[in-house]
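Survey of secondary and tertiary structure
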Amino acid sequence: MSEDLKFRDPDAAEELAADLEELMDRIDDPVEIMHVCGSHEQVIAKFGLRSMLPEGLSITMGPGCPVCVTDMPEVDEAVALAEDGKVVATYGDMFRVPGTRKSLADAKAAGASVEVVYSASEAVDLAAERDEEVVFFATGFETTAAPTAAILQTGPPENFSVLSAHKYVPPAMEVVAEMPDTDVDGFLAAGHAATITGYGLFEEFVDGYDLPVVVGGFEPIDVLYGLRKLLEFLAEGEDGLANAYPRCVTREGNEAAMDAIREVFDLTAGEWRGIADIPDANFVLSDAYAEYDARERFDIEPVEGDVDPLTEQCLCGDIMAGTTSPEECDLFGDECTPSNPVGACMVSDEGTCKIHLEYGGRP
Ligand code: SF4
């Protein structure tokens, strides 16, 4: 059996599902697990894993879609730069995310120069080819903050700068854990972010919040195995930390990548769209790299405007906080679809609304 199929083996999945049932019998109480990763939601929805869960066990997606938590004023800054004649380079997922007045796609349709790139280094290549100022609208969690940091350490062209909307997940987990409306019993943490940060990063969270955390991979067996580890902790009344993705994640993570992040970025408080103003959760360029900071280099003045009334109805923030589901939004699949998205959760492949519309959500 190939490695891929091994992690999708139906017999192994049935065995793990039986283990979950036995553990839930021991716990004898409803359990809510939150994951913080769009890739986890994709595998859960795509393989119908929720339908395999025993009664009383639910999995909710938290603030795990980087595009979805990018705040509207951050999109507005990128739009303002594009409308001011800068070349704005960004990841494809960000292209259609609505700002207050418009998205970068709208700005491009009106004549602004907006380019979709697949990596930070491609944005630097663009700057090397062009005479104009090229601003990389950099979004994502630790996994994309690391390459942005690495590219700045190489000394990019003078006409290159970064508008950072990178975000750091652990403080957002703390905010969600403290929310009165959430009732999370444990977290399934994202394996790819942990390849950078290391799973040891969660020790402080586990100690501080008395909630178990298990780092999980992205195949069906990875997710079910991660859930079993979480239920084992809960059945024993423990608040432990486990690495259920050892083929990729170590306790220390990628120390070179973390050194680059620490050198290039500082952490500051910032708004996560619709969720909260979160302390130490936004990456901004450090003083040593201020020359590449688009916010330092340019006077960014977004044009003010009213938020579209439909956008006002978007529940994306509540969905990211785990307090509601896409199916509870009146616009879901009707006024709001992937081809005509009202909110960011319907734009990104990691957005809960898009995933639920594509694969079905809660059974
Ligand atoms: Fe927002 Fe659309 Fe999701 Fe409703 S369906 S919460 S409008 S993204």
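To keep things clear, this report deals only with the structure shown in the data block. (Residues numbered from 1 in each chain as written. Predicted model: local features only at pLDDT ≥ 70, side-chain atom pairs only at ≥ 80, totals over all residues. Heavy atoms only, no water.)

**Concerning the sheet that holds strand S7 (residues 186-190)**
This is how it is decided: Should DSSP find at least two bridges between two strands, the strands are regarded as paired. Secondary structure elements are taken from DSSP: a helix is a run of H or I of four residues or more, a strand is a run of E of two residues or more, and numbering for both begins at the N terminus. For every element, the axis is a line fit to its C-alpha atoms; helices are fit only across the contacting stretch, and the angle between N-to-C directions ranges from 0 to 180 degrees.
Spatially, the five strands line up as an open sheet ordered S2-S1-S7-S8-S9, and their pairing is parallel. Looking at which strands have only one partner, the edges of the open sheet turn out to be strand S2 (57-61) and strand S9 (241-243). The mean angle between the axes of side-by-side strands here comes to 20°, regardless of whether they run parallel or antiparallel. Alignment of S7 against strand S8 (residues 213-216), held across four bridges, turns out to be parallel. Its bridge partner lying in S8, Ala 190 is registered against Gly 216.

**Comments concerning the state of the cysteines**
Should the sulfur atoms of two cysteines be covalently bonded, the bond is a disulfide. Going by this rule: Throughout, disulfides are identified as pairs of cysteine sulfur atoms within 2.5 Å of each other. Using a 1.4 Å probe on the protein chains alone, a residue whose accessible area is under 20% of its type maximum counts as buried, one over 50% counts as exposed, and one in between counts as partly exposed.
Taken as a whole, this structure holds two disulfides when the rule is applied. Here Cys 65 is linked by a disulfide to Cys 68, with a sulfur-sulfur distance of 2.2 Å. For the disulfide bridge between Cys 65 and Cys 68, the dihedral angle about the S-S bond is near 70°, and by the sign convention the bridge is right-handed. Here Cys 65 and Cys 68 have matching classes, each one buried. Note that Cys 316 is cross-linked by a disulfide to Cys 345, the S-S spacing being 1.8 Å. Its torsion about the S-S bond being 105°, the disulfide of Cys 316 and Cys 345 is classed as right-handed. Here Cys 316, found in helix H16 (residues 316-320), pairs with Cys 345, found in the loop between H16 and helix H17 (352-359); they are 29 residues apart in sequence, far enough to count as distant. Cysteine pairing for the protein (bonded cysteines numbered in sequence order): 1-2, 3-4.

**Some details on the sheet that holds strand S6 (residues 160-166)**
Each strand in a sheet pairs with its neighbour through backbone hydrogen bonds, running either in the same direction (parallel) or in the opposite one (antiparallel). So the rule is basically this: For this analysis, residues touch if any pair of their heavy atoms sits within 4.5 Å.
Ordered by their spatial adjacency, four strands build an open sheet running S4-S3-S5-S6, and the pairing between neighbours is parallel. Edge positions in the sheet fall to strand S4 (114-117) and S6, since each has one partner strand and no second. Between one strand axis and the next, the sheet turns by 25° as a mean value, whatever way the strands run. Across four bridges, strand S3 (residues 87-91) lies against strand S5 (residues 134-140) in parallel orientation. Within S5, the residue paired with Thr 90 across the bridge is Phe 137. Sheet strands in contact with helix H5 (residues 72-83) are S3, S4, S5 and S6, and its direction is about 160° off that of S6. Strand contacts of helix H8 (residues 142-153): S3, S5 and S6, with the helix running at about 160° to S6, the strand carrying the most contacts.

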